[in-house]
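# Fold and geometry: a report
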Amino acid sequence: MALVSLLDVSLSFGGAPLLDRVNLQIDRGERVCLVGRNGAGKSTLMKVINGELKPDTGQVFRQPGALFSTLRQEVPAGLAGTVRSVVEGEDGSYDEHNDWERHDRVERLLESMGLPAEAEFASLSAGQKRRVLLAQGLASDPQLLLLDEPTNHLDLESILWLEEFLLEWGGALLFVTHDRAFLRKISSRIVEVDRGRLIGWACDYDTFLVRKEAVLEAEEVERAQFDKKLAQEEVWIRRGVKAQRSRANNRIHALEKMRAERAARRDRSGKATLTAQEADRSGFKVITCEDAGFRYGDRWIVRGLTTRIERGDKIGIVGPNGAGKTTLLRLLLGQLKPQTGSVEQGTQLEIVYFDQLRAQLDENMRVQDAVADGNSTVTINGRNRHVISYLEDFLFEPGRARTPVRALSGGERNRLLLARLFTKPANVLVLDEPTNDLDAETLELLEDLLVEFGGTVLLVSHDRAFLNEVCTSLLVFEGDGCVADYTGGYDDWPKERAARAAAETAAAAALKLSAENKTAAAPAAKARKLTNKERAELDVLPARIEVLEKEQAALTAHLADPAFFRQGGPAVGQATARLEAIERQLATIYERWTELGG
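Residues numbered from 1 in each chain as written. Predicted model: local features only at pLDDT ≥ 70, side-chain atom pairs only at ≥ 80, totals over all residues. Heavy atoms only, no water.

## Let's talk about empty space enclosed by the protein
- Enumeration according to the criterion identifies one cavity of 30 Å³ or more in this entry.
- Contributing to the lining of the largest cavity are Leu71, Gly127, Arg130, Arg131, Leu134, Pro150, Leu154, Ser158, Trp161 and Leu162.
- Secondary-structure elements contributing two or more residues to the lining of the largest cavity are helix 4 (126-138) and helix 5 (156-169).
- Classifying every residue of the lining of the largest cavity by side-chain character gives six nonpolar, two polar and two charged. (1 Å grid on protein atoms, 1.4 Å probe; cavity = no way out; pocket = protein on both sides within 12 Å on 5 of 7 lines; lining within 4 Å. Points joined across faces, edges and corners; volume = space filled by probe spheres on them. Helix = DSSP H or I, 4+ residues; strand = E, 2+ residues; numbered from the N terminus. Nonpolar A, V, L, I, M, F, W, Y, C, P; charged D, E, K, R; others polar.)

## Looking at the sheet that holds strand 20 (residues 483-487)
- Judged by pairing direction, the sheet is mixed, and its six strands sit side by side in the order 14-17-18-12-19-20 without closing on themselves. Each of the sheet's edge strands pairs with one partner strand only, and the pair in question is strand 14 (351-354) and strand 20. Averaged over all adjacent pairs, the angle separating strand axes in this sheet is 15 degrees, with direction ignored.
- Inspection of the sheet shows strand 17 (residues 428-432) paired to strand 18 (residues 456-460) by five bridges, in the parallel sense. Looking across to strand 18, one finds that leucine 429 is bridged to valine 457.
- Relative to the sheet, helix 14 (residues 440-452) contacts strand 12 (314-318), strand 17 and strand 18, its axis offset from that of strand 17 by approximately 145 degrees. (Pairing = 2+ DSSP bridges. Axes fitted to C-alpha atoms, helices over the stretch in contact; angles between N-to-C directions. Contact = heavy atoms within 4.5 Å.)

## Overview of the nonpolar core
- Of all hydrophobic cores here, the largest spans 50 residues; its most connected members are Leu391, Leu416, Phe422, Leu429 and Leu450.
- Here leucine 416 is in contact with Leu361, Val367, Ala370, Val371, Leu391, Phe396, Val405 and Leu408, once residues within four sequence places are set aside.
- Of all hydrophobic cores here, the second largest spans 37 residues; its members include Val106, Ala117, Phe121 and Ile159. (Core = buried A, V, L, I, M, F, W, Y, C linked by side-chain atoms within 4.5 Å. Buried < 20%, exposed > 50% of the residue type's maximum accessible area, 1.4 Å probe, protein only.)

## Regarding the pattern of salt bridges
- Summed over the entire model, instances satisfying the criterion amount to 33 salt bridges.
- Residue arginine 195 is joined to aspartate 194 by a salt bridge in which the shortest nitrogen-to-oxygen separation is 2.9 Å. Take arginine 195 and aspartate 194: they sit in the same class, and that class is buried.
- Through salt bridges with shared partners, one network takes in Glu192, Asp194, Arg195, Arg197, Lys212 and Glu219. (Salt bridge = Lys/Arg side-chain N within 4 Å of Asp/Glu carboxyl O.)

Right under this line is the structure:
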C-alpha cells in the first residue's frame, strides 16, 4: 500500500489553480524530488500531503498509522532549550508505550549526527540548527520525511553529511531543492510541478532536462498549429456561414470548443532575462595579497594569504559556516585593513555587491521602487527602460512589481536583488550566496551570465554545480586561518588537494630518507681513524691537486688559442690527450681526498 496517494486534487488561492486535478503516489523507500519554477506550488503540494492544507476538491489518502515529518526552509523563531530537549520535542517526557524506543532513538540520533546534547540551541550555527531540526523530525520515526530546501544555509561539509545520512536512512523522502548536485545524488524519481499539473519523470536529472526540452518544443509546435487552425476558423465565421446547416453547426460547435480550449490554456511564463551592465575595463591587476592576515582577538580568520586576482578571473570562496568567508571578501575589497602583510586593489574598479542577507532591500518599499530608487525608469546599457518592463525580464508581473518587498518569497527576493544590482555598471561582481531559493532555470541563466561577464567575479557559494560551471579557481578555508588557492571548480579541488598531499608526503619521505642516510654515514666516517701512511697521503693531496689544476688551465688556454691549432702536427693531439689524462687524475684524487676526510 502506498504511503500517500492524491486523487484528482485541486487547490487555488483565488487565481489560476496551483494544483489542477493532480494525481500522485509515493511508496516506501522512494526518494522523490519536486522540481518546478519559484511559485509553481511545490511547497503548497507538500503541505497538502502533510495535511496542513485541505484541497478544494479531490482526495488525499494516507496509509493508516504512517507518520509524516517535515523539515522547513527556515528555523522557527523563538525555539529555545538544549539540543536534547529540542530533538525530543513536545513529547520530551515520552508516553508509557514508546518511552524506551523513542529515548533510544533520540540518543542514537544525537550520536550519529554529532550533536552536542547539552548545548543551548540558540548558540548553534545555522547549519547545526538545521541538523538539530532534522533530528527532531526523525525522532518520531516517520515513514515519510518532507524536506523543503534542506541544503539552504548549510556548508559543504554539512551537505555531504546530509547526503550520506539520507541515503543510509532508507525511509521515503519527498524533497524540494535548488542544489542540483544534491538532487542528482539523492533522487530516485522526479515529479515536476508545471502550470497546475504534476508530471512524473522516471529518470535521472540530466535525462529529465533533455526530455523536458523536447516536450516543450513539441508543445510549442502543437500550439502553433492549433492557433493557426483557430485563426482560420475565426476568419470563416466572420465571412458568414454558407455551408449546409448540419455541417455548419458541427463546425461552429468545434470552433466554440477551440475557443474554450484556448481560453483555458495556461501558457508557460517566459524565462528570466539576466543582463549585467559592464563598466569600463579595470586594470589587469584587480587584487594582490602578500602574506595578508586578519584576526578577531586570538582567532586568525586569514593568515599568510598570498594570491593575485586578475581581470576576468572567476574566484569561488569555499569554507565551513563561520570560517570567515564574508570577512575575507571585505578584506579583499579593502573594507577591512590587513593586520599583517598587504592587500592592494587595482585601478578603475567598479564593484557591485550581492548580500546573502538581502540587507540592501527595504522591506517596506514596493518592488519597483527598490529597483529604481523611486524613479519610473532605469538606464540599462545606455538605454532608458520603464521599471515595470525591466522587472518583467526578471519574471515580475506588473501587479507583483507594485507589491511591497516583505510579501516576496525567498526566490523572488533573490531575483529582485539581482535586478537591482544589474542596474549598476560593474567590472567586479561580488556575490555572497546568490543561489539560495533560485529555481534551476534562473540558476542556469545566472551561470551563463557570470561565465560570459568580461569582468572579475568573487563568489561565495556552497552550490557545487554552480562552482563547477562558473569558477576558474577557488580560495578554500582549510582551518586555523589557512586559505589555500586551487585551480578550477569544485570537482577539481579534491583532485588537486590529493595531488598536493601526495607530493608533500613524497617530499617528506625523501627528506627523511636523506637525513637518515646522512646520520648513518656520519658516524662511520668519524669512527674510522687514519693510519700514519694515510695521514701523510692526505697531507700531499692538496699540492698535487694544485699542480694538476695549473697544468689543466694552461692546456685549456693553449687549445683555445687559434694560433696553436694552426701549428698542426702531433702537438695538438698530445695536448688533448694530456688534458683528458689530467681530468681523470683529478677525479681520482678528489674521490680519494673525500675518502680520507679532506
